[in-house]
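Take a look at the letters that make up each chain.
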Amino acid sequence: MQFLVGLITLTLSVTVLGAPVPTASEKKVTEKKDSEKKDTEKDKKPLVQNIKLDDYLKNIGPENILEKIDSAGKGSPDIFVLFIKNENGTKQLLMQLFDINRDKKVDLVKHWEKGKMSKTEMDLDYDAIVDVVSEYDLLSGEIKRKIQADGDTNIWKHYFKNELRKKEVDRNSDGKPDLWVYYRAGKVIRTEIDEKFDGRVTRVEGALSPNKTQKDSTSPASAE
Ligand SMILES: [Ca+2]
Ligand SMILES: [Ca+2]
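Residues numbered from 1 in each chain as written. Chains lettered and ligands numbered in written order. Predicted model: local features only at pLDDT ≥ 70, side-chain atom pairs only at ≥ 80, totals over all residues.

## Digging into the overall build of the protein
Cut-off, in case you're wondering: A run of DSSP states H or I qualifies as a helix once it reaches four residues; a run of E qualifies as a strand once it reaches two. Both are numbered from the N-terminal end. Exposed residues have 12 or fewer other C-beta atoms within 10 Å of their own C-beta, buried residues have 20 or more, and residues in between are partly exposed; the C-beta atoms are placed from the backbone. Once C-beta atoms are placed from the backbone, any two residues with those atoms within 7 Å are in contact.
Secondary structure summary: the protein contains 3 helices and 12 strands in total. Taken across its 224 residues, the protein has 19% of its residues classed as buried. In the protein, 33% of the contacts between residues at least 6 apart in sequence involve partners at least 24 apart.

Okay, here's the thing in structure tokens:
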């Protein structure tokens, strides 16, 4: 009888995070129980990660004009400007697309409406996956909303007069928020939690002390 000796190789995978480091409160909400992770890791991913910035340059029709700019004089374009032709022969700015690290992949798209910037889409760590979408008020130019991915968590941040007022967090990546944090003057004033992920708030908390140790990993610890 022969015995085979199996070698177990432990592979350590190190994740290098090039994306902006989440704040302590954001980090906490991404921590999940193992049972939840199994459900969400397979097919659910944050909404902004479905945006493909390079596709904007692939879907150019006869009604569009595309200008390519080689901003550093290196022989290949790194800025693309997309217009739509008006019937009277003039052109209207639709998008500016930037390949910031010059690897032939678009990393930042600025969308324009009627001469005003309406939205930006950003790949912050150059992995071709969008990390943050920011929406702007066309009249005031102020930021209205930011949608971002933190791990597999969706986060929506709502602003009023450039001040963060509400943060919605989708901890189970089903596209719907299940944690709401309300802010005034940079401080958390209320937190609402949908503990069963069924769309109903089952717990409401007031402002939480940043130093308070929470057993429940879903509780946001502090304001940003
Ligand atoms: Ca790039
Ligand atoms: Ca990215």
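## Concerning the environment of Tyr182
Among the secondary structure elements, Tyr182 is positioned in strand β10 (residues 179-184). Separated by 16 residues in sequence, Tyr182 and Lys166 place their C-alpha atoms 4.5 Å apart.

## Describing the sheet that holds strand β2 (residues 79-85)
The strands making up a sheet associate through backbone hydrogen bonding, with each pair oriented either parallel or antiparallel. Selection criterion: Between any two strands, at least two bridges found by DSSP are needed for them to pair. Between N-to-C directions, angles cover 0 to 180 degrees, with each direction set by a line fitted to C-alpha atoms, over the stretch in contact for helices.
Spatially, β1-β2-β3-β4-β5-β6-β7-β8-β9-β10-β11-β12 is the arrangement adopted by the 12 strands of the open sheet, whose pairing is antiparallel. Edge strands, defined here as strands with exactly one partner in the open sheet, are β1 (64-69) and β12 (203-205). Across this sheet, the average inter-strand angle for adjacent strands is 15 degrees, counted without regard to direction.

## Here's the deal with the pairing of β1
Side chains on a regular strand alternate between the two faces of the sheet. The buried fraction of β1 amounts to 0 of the 6 residues, a small share that puts the element mostly on the outside. Where β1 lies against β2, 6 bridges are found, and the strand directions are antiparallel. Within the sheet, the bridge partner assigned to Leu66 lies in β2 and is Leu82.

## As for unusual backbone geometry
Within the chain, Lys161 stands out as a residue other than glycine whose phi angle is a positive 50 degrees. Tracing the chain through its elements places Lys161 in the loop between β8 (153-160) and β9 (163-170). A positive phi angle, close to 55 degrees, is found at Phe197, a residue other than glycine. Residue position: Phe197 is located in the loop between β11 (187-193) and β12.

## With respect to the nonpolar core
Our working rule: Take the buried Ala, Val, Leu, Ile, Met, Phe, Trp, Tyr and Cys residues, join any whose C-beta atoms are within 7 Å, and the set you get is a nonpolar core. Domains are outlined according to an automatic or database domain assignment.
With 11 residues, the main nonpolar core is built from Val48, Leu53, Leu82, Met95, Leu97, Val106, Val109, Val130, Val133, Ile147 and Ala149. Listed by contribution, the elements that provide at least two residues to this core are β3 (91-98) and β7 (143-150). Two domains share this core, each providing at least three of its residues, namely domain 1 (23-50 + 130-224) and domain 2 (52-123). Leu97 has contacts with Tyr56, Leu57, Phe80, Leu82, Val106 and Val109, leaving out every residue within four places of it along the chain. By size, the runner-up hydrophobic cluster in this structure holds 7 residues, among which are Val169, Val181, Val188 and Ile193.

## Digging into the environment of Ile193
Within the fold, Ile193 resides in strand β11. With 14 residues separating them in the primary sequence, Ile193 and Leu179 have C-alpha atoms 4.6 Å apart.

## Observations concerning the pairing of β8
Bridging between β7 and β8 involves 6 bridges; their strand directions are antiparallel. If you follow Lys146 over to β8, its bridge partner there is Lys157. Count of turn residues in the β7/β8 antiparallel hairpin: 2 residues, of which Gly151 carries a positive phi of about 65 degrees.

## What to know about the environment of Phe197
Residue classification places Phe197 among the partly exposed positions, given that 14 C-beta atoms sit within 10 Å. In this structure the C-alpha to C-alpha distance between Phe197 and Lys176, which are 21 residues apart in sequence, comes to 8.8 Å. If we ignore the near neighbours within four places in the chain, the residues touching Phe197 are Asn172 and Asp178.

## Looking at the confidence of the model for the protein
Short version of the rule: What pLDDT conveys is the predictor's confidence in a given residue, as a value from 0 to 100.
Here the protein averages 82 in pLDDT, and 73% of its residues register 70 or above. Every residue in residues 1-20 scores below 50 in pLDDT, and together they form 5 contacts with partners more than four places removed in sequence or on other chains. Every residue in residues 209-224 scores below 50 in pLDDT, and together they form 35 contacts with partners more than four places removed in sequence or on other chains.

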